[in-house]
Every structure is written in structure tokens, then in C-alpha cells.
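Overview (structure and organization)
These are the residues of each chain, in order.
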Amino acid sequence: MTLRRVNVVILLLLAVAFLIIVQRNLLNLSDFLHKENPDAGAILPFEAELSPALKLELARKGEEIPVLITAAEERLGAVVAAMNSVYQNSKANVVFTIVTLNDTVEHLKAWLSETKLKNINYKIVVFKPELLSGKISKDPQTQEAAKLGGQLTFARFYLPVFIPEAEKAIYLDDDIIVQGNIQELYDTNLKSGHAAAFSDDCDSASAKGIVRGAGNQNNYIGFLDFKKGSIKKLGMRANTCSFNPGVILANLTEWKNQNITQRLEHWMELNTQEDLYSETMAESIITPPLLIVFYKRHSNIDPMWHVRHLGNTGAGNRYSPQFVKAAKLLHWNGHYKPWGRTSSFSDVWDKWFIPDPTGKFHPVRRHEGDS
């Protein structure tokens, strides 16, 4: 073997030895770091480049918060704005159950998948109108309020059916905007034996809603006919504070144990036979059965988590912009919706609205089409 070949072999052996030493040192360093901080994950070279949105997604772990909302075709813009406000204002692991009708599914999917809401966690459930067979009065006013899209509002009666795996759930009307962290609402304490929590209609200034000339509809007599025998037998006081079912926190275990859904259906069916609802009722065919079943058997939601009547006349005078800004949840119940022409505080709603990628839904504004 020549001297040159010997030198090449020696250099190769030295190079191999050097690489082995470097590898061992790196392994020893890794072991040392792991012992110093065993919970530390791998340090990725691109970790610092994560977008704020992706970091938020990574933070959405922990207990699931089930939220049920209904999606009528003509109000899809409301549903999207409500969901967006919940999602953007909370780091909670929110899972939406969206109850809709067959004809609306594709439109809804397009709106969610083609906008920034594509990252939300949701499932779509198709409501079966036959569920309400024999439970809706043939009274023309009731029939008008319970048209096909309106029937979706009864979905809140069937919370355990639509969210069978959950122990607790939140129901939200579509004409709401959530400005607080919905985890706070979910963590509201329900008293032992209570299946649900609502906002009482005597709890704040937001309760003083004038309804179609019937006065302040904030008590039971505004919804139920106390001259009827079936109502008299219950022994309820007519001046008891009513509550608004546009926001519900439900203990679904208690709901099932107490057969709440079946009891609500019983009063719906009885109303078709005996016409139990008050004549001054503001088209709220949802509220009376709930008032009966939950009479003095419900917990209370913080009033700031359900500031309502923003859809009534004079809401702009009743609430200051500062109060509206501080509210955790805003509800435009009433005739004037924030996607319409004459609603108060529609600018607050506009912040959360996401334009329809299909072009079918457009908020109506005063200046549009005005001469």
C-alpha cells in the first residue's frame, strides 16, 4: 500500500470518529434538556412563524361547549353573524349543532366552507317537521308564526335529541351577537334539580319591552290565558316574572331525567285542543309551554349575558352605546332585526356579519334603494 493511500484511509477514519463524537454530544445534550424540562415539546424552526389564527386554533382544546342554533334559509345571514361572534370572542372549544331544513343545507355549507368560518367545529342536523304533527294550533296567527322555517324554533325543545352525548348545552336564537367569552355563560351555576337557566324578564331595564299595545309583557299573564281551567289548576301566579327563551343554558342530564321534552309536547298538544295562550301574546308560540314546565324551577342567567329587546321600537333611546358595548350578549328580539332597515345598533351586528359567497343574502340598509 502506498503512503498516499494510507493517508487517505487515516483521514477517513478520523472523519468517521469525529462524526461519532458529534452525534454522541448531541444525544447527550438532548437527554440533558429533556431531564431539565421533560414536558417541553420539540423546538420547531417554524414555530415562531405560526399565524395568530393558527395559534388560536391550537389553543381551542379542553372541554367541548355544545351550542345549538337554528338556520332558516331567509335568516342565514343572522346565523353566520351569531356563530362568528361566538367563535371570535372565545378561545373555548365550541361545537355548533346547526338545525336546518333540507333545502338550506347546501347554501349553509357553502357559506361556512368558503369563508373564514371554515375552521369552526360544527355539525348540521336536518329538522323533521313531522316531529310537530298534532302539536301546532290551527289558529291562523299560530299557523303564521309556525310556517316551515318558523318550526325550527321548536328545536330548543329537543336539545337532548340533537345533542345526545352532552351533559350541558347552550341554545342561542339566531338574532343575537355574543361579545363575551361564551365559556362564562357555559360555567353559569345551575341550582340542584334545575334543568335549565334563563334570563328573567324582571331582571333589568332590558325587560321593559312594549309588545303590540299589550303593555309590559314581562309576566305570565302576557303569555297564558288564566281563565282556562287547565291553567287555573296549575296554581301559578299570573304576575310571576316570565323569562326569555332566546338564550338557554341546559343541564341535559336533568332535562332527560325530568322528561322535559315530553312535558313540553304535552302542553303543545293541549293548547291545540283548549287554546291556552293569551290573546296578547306577541307571536311567541315557543314561550308558553316553557313558562309552564319551568315555573319556579329554573336558574338565572346573568342579565349582561342576555341584553334583549334591541329589536323593539325605542331600543336606541333605552340603551346607551356604552351599555351596549359592555353587554356580553345582545338580542334583537322584536320586529326590527339588525339586518333590516330600521333596527337600532345594526352597526354592532355588521361587525360580525360575513358576506354570502353565493350572493343570495344581503342585509337591507336605509340608504339602499332610497330616493
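Structure: above.
This structure is a prediction, so every number in the text was calculated from the model and none was measured.

Topic: the environment of D200
Residue position: D200 is located in strand β6 (residues 196-200). Residue classification places D200 among the buried positions, given a relative accessible area of 19%. For the pair D200 and F243, spaced 43 residues apart in sequence, the C-alpha to C-alpha distance is 4.2 Å. Among the polar contacts made by the side chain of D200, one reaches the side chain of H298 at a distance of 2.9 Å.

Examining the pairing of strand β4 (residues 168-172)
Taken residue by residue, a regular strand's side chains alternate between the two faces of the sheet. Extensive coverage of β4 is indicated by the burial of four of its five residues. Bridge count for strand β1 (residues 64-71) against β4 is two bridges, and the pairing is parallel. When the bridges of β4 are listed, L68 appears paired with Y171. Where β4 and strand β7 (residues 243-251) come together, five bridges link them in antiparallel fashion. Across the sheet, the residue bridging to A169 is A250, located in β7.

Considerations on the nonpolar core
Counting residues in each nonpolar core, the largest one holds 52 residues, and the members touching the most others are I170, L172 and I182. For this core, the leading source of residues is helix α3 (residues 76-88), giving nine residues. Core analysis: the next-biggest nonpolar cluster, separate from the first, contains 48 residues, V99, L132, L224 and L290 among them.

Description of the sheet that holds strand β8 (residues 299-300)
Reading across the sheet, the seven strands line up as β3-β2-β1-β4-β7-β6-β8 and stay open at both edges, with mixed pairing between neighbours. Because the sheet does not close on itself, it has two edges, and the strands there are β3 (121-126) and β8. One ladder, built from eight bridges, connects β1 with strand β2 (residues 93-100); its direction is parallel. Considered in β2, the bridge of I69 is made with I98. Running over the sheet, α3 touches β1, β2 and β4 and is turned about 165 degrees from β1. Each of β1, β2 and β3 is contacted by helix α4 (residues 105-113), which is oriented at about 170 degrees to β3, the strand it contacts most.

Things to note about the pattern of salt bridges
When the charged atoms of two side chains lie near each other, side chains of opposite charge can form a pair. Summed over all chains, the structure comprises eight salt bridges. Ionic pairing is found between D174 and R75, a salt bridge with its closest N-O pair at 2.6 Å. Residue D174 is found in the loop between β4 and β5 (176-178), and its partner R75 is found in the loop between β1 and α3; the two are separated by 99 residues along the sequence. Judged by relative accessible area, R75 falls into the partly exposed class, the value being 24%. A salt bridge links R156 to D173; the shortest N-O distance between them is 3.3 Å. Here R156 is found in the loop between α5 (140-145) and α6 (159-162), whereas its partner D173 is found in the loop between β4 and β5, with 17 residues between them in sequence.

Looking at the environment of R75
Distance from R75 to F361, taken between C-alpha atoms, is 8.3 Å for residues 286 residues apart in sequence. Not counting residues up to four positions away in its chain, the partners in contact with R75 are D174, D175, K337, W339 and F361. Engagement of the side chain of R75 in a polar contact is seen with the side chain of D174, the distance being 2.6 Å.

Some points on the pairing of β1
Within β1, seven of the eight residues are buried, which leaves it mostly tucked inside the rest of the structure. Of the crossover connections in this fold, the one passing from β1 over α3 to the parallel β2 is right-handed.

Observations concerning the packing of α3 against α4
Where α3 contacts α4, the axes come no closer than 11 Å and their chain directions differ by 35 degrees. At the point where α3 passes α4, the crossing takes the right-handed sense. Across from L76, G77, V80 and M83 in α3, the residues of α4 making contact are H107, L108, W111 and L112. Broken down by class, the residue content of the contact of α3 with α4 amounts to six nonpolar, two polar and no charged.

Looking at helix α10 (residues 260-274)
Spanning 15 residues, α10 covers 21 Å between terminal C-alpha atoms, matching the ideal 21 Å at 1.5 Å per step. The set of residues buried in α10 consists of I260, T261, L264, E265, W267, M268, L270 and N271. Buried residues belonging to α10 abut α6, α8 (229-232), α9 (252-257) and α11 (287-293). Residue D275 follows α10 closely and has a positive phi angle near 55 degrees.

Topic: the packing of aromatic side chains
By convention here, two paired aromatic rings are described through the distance between centres and the angle between planes. Applying the stated criterion to the full structure yields twelve aromatic pairs. On the basis of an interplanar angle of 80 degrees and a centroid distance of 5.5 Å, the ring pair of F154 and F157 is categorised as edge-to-face. On the basis of relative accessible area, F154 is assigned to the buried category, the value being 1%. On the basis of relative accessibility, which here comes to 0%, the residue F157 falls in the buried class. A ring pair is formed by Y319 and F323, whose centres lie 5.6 Å apart and whose planes are at 15 degrees; its orientation type is stacked.

Some thoughts on α3
Here α3 contains 13 residues, and its C-alpha end-to-end distance of 18 Å stays within 8% of the 18 Å for a straight helix at 1.5 Å per residue. Counting buried positions over the 13 residues of α3 gives twelve, a clear majority of the element. The complete set of buried residues in α3 reads L76, G77, A78, V79, V80, A81, A82, M83, N84, S85, V86 and Y87.

Basis of the calculations
- Residues numbered from 1 in each chain as written.
- Predicted model: local features only at pLDDT ≥ 70, side-chain atom pairs only at ≥ 80, totals over all residues.
- Heavy atoms only, no water.
- Helix = DSSP H or I, 4+ residues; strand = E, 2+ residues; numbered from the N terminus.
- Buried < 20%, exposed > 50% of the residue type's maximum accessible area, 1.4 Å probe, protein only.
- Polar contact = N/O pair within 3.5 Å; in protein donor to acceptor, adjacent residues only side chain to side chain.
- Pairing = 2+ DSSP bridges.
- Core = buried A, V, L, I, M, F, W, Y, C linked by side-chain atoms within 4.5 Å.
- Contact = heavy atoms within 4.5 Å.
- Axes fitted to C-alpha atoms, helices over the stretch in contact; angles between N-to-C directions.
- Salt bridge = Lys/Arg side-chain N within 4 Å of Asp/Glu carboxyl O.
- Right-handed = clockwise from strand over helix to strand, strands pointing away.
- Left-handed = near helix turned anticlockwise from the far one by under 90°.
- Nonpolar A, V, L, I, M, F, W, Y, C, P; charged D, E, K, R; others polar.
- Expected span 1.5 Å × (residues − 1).
- Phe/Tyr/Trp six-rings, centres within 6.5 Å; stacked < 30°, edge-to-face > 60°.

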